[in-house]
Every structure is written in C-alpha cells, then in structure tokens.
Amino acid sequence: MVVADVAALRVALERAGATRTFRGMMHDQRLDRGGKLAGLDQVLRLRTWAPETGSSRSELTWKGPSTVTVTGYKQREELQCGAADSSAALAIFTALGYVVTHAIDRFVEVWQHADASARLEWYPRMDLLLEIEGTPGGIERLIAATGLDRASCLPDALAEFAARYAARTRQRAVWAEAELAGVAPGWCDA
C-alpha cells in the first residue's frame, strides 16, 4: 500500500506493539538466464541487507510462480538460504550464465508484530510503500491494530505501483539508485 503519513504509521505500529527490527538499505539483484525464469514466473534473487550500523548480510532466494488466492492474499513458494559472500554468490551465477536483470535499491524499516511484519520501503523515486507479510491471521491483526484502510492493502506487484506512480506524476518510477545519475534518492528524507 502507498503510505501518505509515515509519522502516523510509525506511531500506529508502536501503539499496536510492533517492534522495529531493521532500518537500513536493502539491495536486490534479480538474476535470469535468457529469460527462462521470467517465462516460468519464477524469481532468483540475491538480497543484501545493509543496516545503518553493523554488518551487512545477504540471502539467496528462489520464488515459484505467484498466485492470488480467492481471499486476496498473494502466495508463492519460496526457498531461501544465507549467502556469506554475496560477491562470490553473484560470481558463481555469472559463471553459470545468469545475468542481473533487475536491480532494486530501497531504504527500509522492518517492524515485527506477532506473526506478521510490516516493511516501509523508500525507493529512489516512487511512492513510499508498506508491504505486510505473514500468516493471513497475522496480516489481518496487524492491519486492524494499526487502523490501516483494509481496502488500500493490495496484493499488487511492484510494477503495478510503479505504473500508478508514473500515471499520477508523469515521471518514471526509479527502483535502482544507479539510474538517478547524481540526483538524491527518495529515501534521503527517511
């Protein structure tokens, strides 16, 4: 969902008993080989979490085809493991013929609330988004506890939010910091 008032959302999360567990950069590199994974609606991703203070950590994730259930929840099979050396992991996949097809950089805050998490995401140029993940019950409890508008919580893909941003602002959304060519990214005000 698009967040209009981040200060009010933070207050609502705290009142609901959520705890902030991460604040910093999240860098994603999506990999593919000749479009094979995209053609199967699968994702291979190398993600690096770089906290404001402390050491970075990386993880490798495979995601199966996505589906949206009748009840409106987005679901997909995921397999994930830690990657102690993200540069080496990327080099292995490059040697196997994979290339980075998408880079996504964002400043994030992750909040944990029972069996759901809320992640605020500032992109280089796009709306501030909130992603909620967890069990269906955990998601509903978090939405209710924070007073969020349930109708605004959509299972849409990032590309759909970007398209709406572009239509509304007449500017192309930017997901990768490198695309800004010296312009300050949107998270500078986070």
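Residues numbered from 1 in each chain as written. Predicted model: local features only at pLDDT ≥ 70, side-chain atom pairs only at ≥ 80, totals over all residues. Heavy atoms only, no water.

Undergrad: Is there a simple way to think about the overall build of the chain in this case?
TA: Along the chain, the regular secondary structure elements total five helices and nine strands. Counting from the amino terminus, helix and strand elements in the chain follow one another as α-β-α-β-β-β-β-β-α-β-β-β-α-α. Relative to the globule expectation of 16 Å for 190 residues, the C-alpha radius of gyration of the chain, 17 Å, shows essentially globular dimensions. Across its three principal directions, the C-alpha atoms of the chain cover 50 × 40 × 40 Å. For the chain, the proportion of its 190 residues judged to be buried stands at 41%. Contacts in the chain between residues far apart in sequence, at least 24 positions, make up 56% of those at least 6 positions apart. If you sum the accessible surface of the chain, you get close to 10,300 Å²; carbon and sulfur atoms cover 54% of it. Positive and negative side-chain charges in the chain, numbering 22 and 24 respectively, have mean positions lying 2 Å apart. (Helix = DSSP H or I, 4+ residues; strand = E, 2+ residues; numbered from the N terminus. Rg over C-alpha atoms; globule rule 2.2 N^0.38 Å. Buried < 20%, exposed > 50% of the residue type's maximum accessible area, 1.4 Å probe, protein only. Contact = heavy atoms within 4.5 Å. Areas by Shrake-Rupley, 256 points an atom, 1.4 Å probe, with all protein chains shown as cover. Lys, Arg positive; Asp, Glu negative; His and termini not counted. Charge placed at Lys NZ, Arg CZ, Asp CG, Glu CD.)

Undergrad: Can you walk me through the side chain of D28 in this structure?
TA: Inspection of the secondary structure puts D28 in strand β1 (residues 19–32). For D28, a relative accessible area of 2% translates into the label buried. Reaching out from D28, the side chain makes a polar contact with the side chain of R47 at a distance of 2.7 Å. Contact partners of D28, with chain neighbours within four places excluded, come to R45, L46, R47, H102, A103, I104 and R106. (Polar contact = N/O pair within 3.5 Å; in protein donor to acceptor, adjacent residues only side chain to side chain.)

Undergrad: Got a minute to help me understand unusual backbone geometry in this structure?
TA: Comment: phi is negative for the bulk of residues other than glycine, and the bulk of peptide bonds are trans. Its identity is not glycine, yet D41 carries a phi of approximately 60 degrees, on the positive side. Looking at where D41 falls in the secondary structure, it is placed in the loop between α2 (36–39) and β2 (43–51). Non-glycine residue A114 carries a positive phi angle of around 50 degrees. Structurally, the position occupied by A114 is in the loop between β7 (99–113) and β8 (116–122).

Undergrad: Is there a simple way to think about the packing of aromatic side chains in this case?
TA: Two aromatic rings, taken as a pair, are described by how far apart their centres are and by the angle between their planes. Counted under the stated rule, the structure contains three aromatic pairs. On the basis of an interplanar angle of 85 degrees and a centroid distance of 5.0 Å, the ring pair of F22 and W49 is categorised as edge-to-face. Taken together, the residues span a long stretch of sequence, with F22 in strand β1 and W49 in strand β2 at a distance of 27 residues. F22 gets classed as buried once you look at its relative accessible area, which sits at 13%. (Phe/Tyr/Trp six-rings, centres within 6.5 Å; stacked < 30°, edge-to-face > 60°.)

Undergrad: Mind showing me how you'd approach the nonpolar core here?
TA: Inside soluble globular proteins, nonpolar side chains tend to come together where they are buried. Core analysis: the largest hydrophobic core is formed by 23 residues, its most contacted members being L9, L13, L120, L130, I132 and L148. Elements with a contribution of two residues or more to this core: α1 (6–15), β7, β8, β9 (129–134) and α4 (136–146). Setting aside residues up to four positions removed in sequence, L13 forms contacts with A18, W111, A118, L142 and T146. Listed in part, the ten residues of the second largest apolar core include L37, L60, L90 and Y98. (Core = buried A, V, L, I, M, F, W, Y, C linked by side-chain atoms within 4.5 Å.)

Read these as geometric descriptors, not functional statements.
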